[in-house]
Amino acid sequence: MAEFVIGTDISTDEAVIEVTVNPDRPLPVGRQFFRLVVVDDSGNESKPDQIVVIVADQGAPTAVLAGPQTVASGASFKLSGEKSFDVGGGKVVKYIWTYVGPAT
């Protein structure tokens, strides 16, 4: 069990770790990023791998947007909100799409 702090490494010799959440300082609702680097017995470090964990709101629905990571210039592509959900027991019935602009 480990209480993670943004930007602070936690080093273990175990391949599995529990993210312990303090009720007084819960993870914010939304996408949270976690990274892993592994080291072999010669001291060589891997390139980092990263996952996104979605912390879901218990009352409001949670939007989950999926789409391609790369598209050809000038090509059309699809976005999907099919994995959006409502853990409070409701049903997602409307999707509001917005192009926000280029990443900075």
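Rules and cut-offs
- Residues numbered from 1 in each chain as written.
- Predicted model: local features only at pLDDT ≥ 70, side-chain atom pairs only at ≥ 80, totals over all residues.
- Heavy atoms only, no water.
- Helix = DSSP H or I, 4+ residues; strand = E, 2+ residues; numbered from the N terminus.
- Rg over C-alpha atoms; globule rule 2.2 N^0.38 Å.
- Buried < 20%, exposed > 50% of the residue type's maximum accessible area, 1.4 Å probe, protein only.
- Areas by Shrake-Rupley, 256 points an atom, 1.4 Å probe, with all protein chains shown as cover.
- Lys, Arg positive; Asp, Glu negative; His and termini not counted.
- Charge placed at Lys NZ, Arg CZ, Asp CG, Glu CD.
- 1 Å grid on protein atoms, 1.4 Å probe; cavity = no way out; pocket = protein on both sides within 12 Å on 5 of 7 lines; lining within 4 Å.
- Points joined across faces, edges and corners; volume = space filled by probe spheres on them.
- Nonpolar A, V, L, I, M, F, W, Y, C, P; charged D, E, K, R; others polar.
- Polar contact = N/O pair within 3.5 Å; in protein donor to acceptor, adjacent residues only side chain to side chain.
- Contact = heavy atoms within 4.5 Å.
- Phe/Tyr/Trp six-rings, centres within 6.5 Å; stacked < 30°, edge-to-face > 60°.

**Let's talk about the overall build of the protein chain**
Thinking step 1. When helices and strands are tallied, the protein chain shows zero helices and two strands.
Thinking step 2. Relative to a compact globule of 104 residues, whose C-alpha radius of gyration would be 13 Å, the protein chain shows 18 Å and is clearly more extended.
Thinking step 3. Across its three principal directions, the C-alpha atoms of the protein chain cover 50 × 40 × 25 Å.
Thinking step 4. Taking all 104 residues of the protein chain together, 9% fall into the buried category.
Thinking step 5. Surface accessibility of the protein chain: about 9400 Å² in total, with carbon and sulfur atoms responsible for 55%.
Thinking step 6. On the protein chain, the mean spot of the 8 positive side-chain charges and the mean spot of the 13 negative ones are 17 Å from each other.

**A look at the layout of surface pockets**
Thinking step 1. Space inside the largest pocket adds up to approximately 1400 Å³.
Thinking step 2. Around the largest pocket, the lining is made up of 35 residues, and of these Phe 4, Thr 8, Ile 10, Phe 34 and Arg 35 lie nearest the centre.
Thinking step 3. For the lining of the largest pocket, the secondary-structure elements that each account for two or more residues are β1 (30-36) and β2 (49-55).
Thinking step 4. Of the residues forming the lining of the largest pocket, the biggest block, six residues, is contributed by β1.
Thinking step 5. When its residues are assigned to classes, the lining of the largest pocket shows 19 nonpolar, eight polar and eight charged.
Thinking step 6. Each pocket or cavity is described by its volume, and for the second largest pocket that value is around 580 Å³.
Thinking step 7. Along its surface, the second largest pocket is lined by 21 residues, and Ala 63, Leu 65, Ile 96, Trp 97 and Thr 98 are the ones closest to its centre.

**Thoughts on the side chain of Ser 84**
Thinking step 1. Along the chain, Ser 84 falls in the segment after β2.
Thinking step 2. Residue Ser 84 is classed as buried on the basis of its relative accessible area of 16%.
Thinking step 3. Within the local environment of Ser 84, its side chain forms a polar contact with the backbone oxygen of Gly 81, the two atoms lying 2.9 Å apart.
Thinking step 4. Ignoring sequence-local partners within four residues, the contact set of Ser 84 consists of Thr 62, Ala 63, Val 64, Val 92 and Tyr 95.

**What about the packing of aromatic side chains?**
Thinking step 1. As enumerated under the stated definition, the model contains two aromatic pairs in all.
Thinking step 2. With a centroid separation of 6.4 Å and an interplanar angle of 20 degrees, the aromatic rings of Tyr 95 and Trp 97 are classed as stacked.
Thinking step 3. The exposure class assigned to Tyr 95 is partly exposed, which follows from its relative accessible area of 40%.
Thinking step 4. Note on Trp 97: relative accessible area 48%, which makes it partly exposed.

**Quick notes on the environment of Pro 26**
Thinking step 1. Note on placement: Pro 26 falls in the segment before β1.
Thinking step 2. Separated by 19 residues in sequence, Pro 26 and Glu 45 have C-alpha atoms that sit 31 Å apart.

Function-wise, these values are silent; they only describe arrangement.
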